[in-house]
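Residues per chain, in single letters:
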Amino acid sequence: MEEAIFIFKNYIQQSAPIDESGFEQLSKYLKSKKVVKGQLLLRAGEVCKNSFFTAKGLLRSYTIDKQGKEHIIQFSPEGWLVADRSSSFFNEPSFLYIDAIEDSDIVYIDNLFFDELSKQCSDFSLFNINSLHHHIKQIQNRVNLLLGASAEERYLDFIRLYPELLMRIPQWMIASYLGITPESLSRVRKELYRK
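Let me sum up the structure you'll find in this document. (Residues numbered from 1 in each chain as written. Predicted model: local features only at pLDDT ≥ 70, side-chain atom pairs only at ≥ 80, totals over all residues. Heavy atoms only, no water.)

Some thoughts on the environment of Met173
Next, step 1: Among the secondary structure elements, Met173 is positioned in helix α7 (residues 171-178).
Next, step 2: The exposure class of Met173 is buried, given its relative accessible area of 8%.
Next, step 3: Considered as a pair, Met173 and His133 are 40 residues apart in the sequence and their alpha carbons are 27 Å apart.
Next, step 4: Those residues in contact with Met173 that sit more than four places away from it in its chain are Arg60, Ile72, Phe75 and Ile101. (Helix = DSSP H or I, 4+ residues; strand = E, 2+ residues; numbered from the N terminus. Buried < 20%, exposed > 50% of the residue type's maximum accessible area, 1.4 Å probe, protein only. Contact = heavy atoms within 4.5 Å.)

Now the structure itself:
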């Protein structure tokens, strides 16, 4: 078994008591790939047919507005999943791009994997529902922060959510995620340093 698939199996087994043979049956829905920095996994306009598990490396999902400016929605470090859930569920074109920020080992997870795992394991079905609700909660929190929180509050929330990423991603990407300019982020960091 490839290392990325093995890491993903351990991730799944934390929430679903699936045995080796059950996982082996579902492995036909998994594909391990090495992707290079900058490689696109999903383009806006495509239907998202996979979720992407980061075994090693770092991914991001983002949109590009009409002026060509990127707006980062999510980072996906090791042990995280990223996808366009609405594109996957409704079989509609995605408005997201997903690409690699670093050279990465990724597990491409066909959408059928989760359906089949839920049939095999009721515990996973419950876990999946709870994960979806947690995801909705995170999105609502993010929207509330973008609409009403100060740049400092958004930055502190970023540090809480992604503490290991501060030294791995460029400042302009953090600023894009926060919805501020890199110059504003620099001011926020200086103010926090003074405190």
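Some thoughts on the packing of aromatic side chains
Next, step 1: Taken as a whole and judged by the stated rule, the model has 18 aromatic pairs.
Next, step 2: Relative to Phe114, the ring of Phe113 lies with its centre 5.4 Å away and its plane at 85 degrees, an arrangement referred to as edge-to-face.
Next, step 3: Assessed through its relative accessible area of 15%, Phe114 is described here as buried.
Next, step 4: Clustering of aromatic rings is evident, with ring pairs tying together Phe8, Tyr11, Phe23, Phe53, Phe113, Phe114, Phe124 and Phe127.
Next, step 5: If you follow Lys33 out to its NZ or CZ, it ends over the ring of Tyr108, 4.4 Å from the centre. (Phe/Tyr/Trp six-rings, centres within 6.5 Å; stacked < 30°, edge-to-face > 60°. Lys NZ or Arg CZ within 6 Å of the ring centre and 35° of its normal.)

Let's talk about the sheet that holds strand β4 (residues 59-64)
Note on sheets: strands pair through backbone hydrogen bonds, and any given pair is parallel or antiparallel.
Next, step 1: Ordered by their spatial adjacency, four strands build an open sheet running β2-β7-β4-β5, and the pairing between neighbours is antiparallel. A single partner strand is all that each edge strand has here, and the edge strands are β2 (40-42) and β5 (70-76). Each neighbouring strand pair of the sheet contributes to a mean axis angle of 30 degrees, computed without reference to strand direction.
Next, step 2: Bridge count between β4 and strand β7 (residues 97-100): four bridges; the pairing is antiparallel. Considered in β7, the bridge of Arg60 is made with Asp99. (Pairing = 2+ DSSP bridges. Axes fitted to C-alpha atoms, helices over the stretch in contact; angles between N-to-C directions.)

Quick word on the side chain of Arg142
Next, step 1: By the secondary structure assignment, Arg142 is in helix α5 (residues 122-148).
Next, step 2: In this structure Arg142 is buried but unpaired, with Asp157 as the nearest side chain of opposite charge at 7.0 Å.
Next, step 3: When near neighbours in sequence (up to four residues on either side) are disregarded, Arg142 contacts Ile72, Ile73 and Tyr177. (Lys, Arg positive; Asp, Glu negative; His and termini not counted. Salt bridge = Lys/Arg side-chain N within 4 Å of Asp/Glu carboxyl O.)

Here we look at helix α8 (residues 182-194)
Quick reminder: α-helices carry 3.6 residues per turn. Residues three or four places apart thus point the same way.
Next, step 1: Helix length check: α8, at 13 residues, gives a terminal C-alpha distance of 19 Å against a target of 18 Å (1.5 Å per residue), a fit within 8%.
Next, step 2: Considered for burial, the residues of α8 that qualify are Ser184, Leu185 and Val188. Taken down its axis, α8 places every buried residue within 100 degrees of arc, on the same side. Across α8 from its buried face, at more than 90 degrees, point the exposed residues Glu183, Arg187, Tyr193 and Arg194.
Next, step 3: Where α8 is buried, its residues meet α6 (151-161) and α7. (Expected span 1.5 Å × (residues − 1). Arc of directions from axis to C-beta.)

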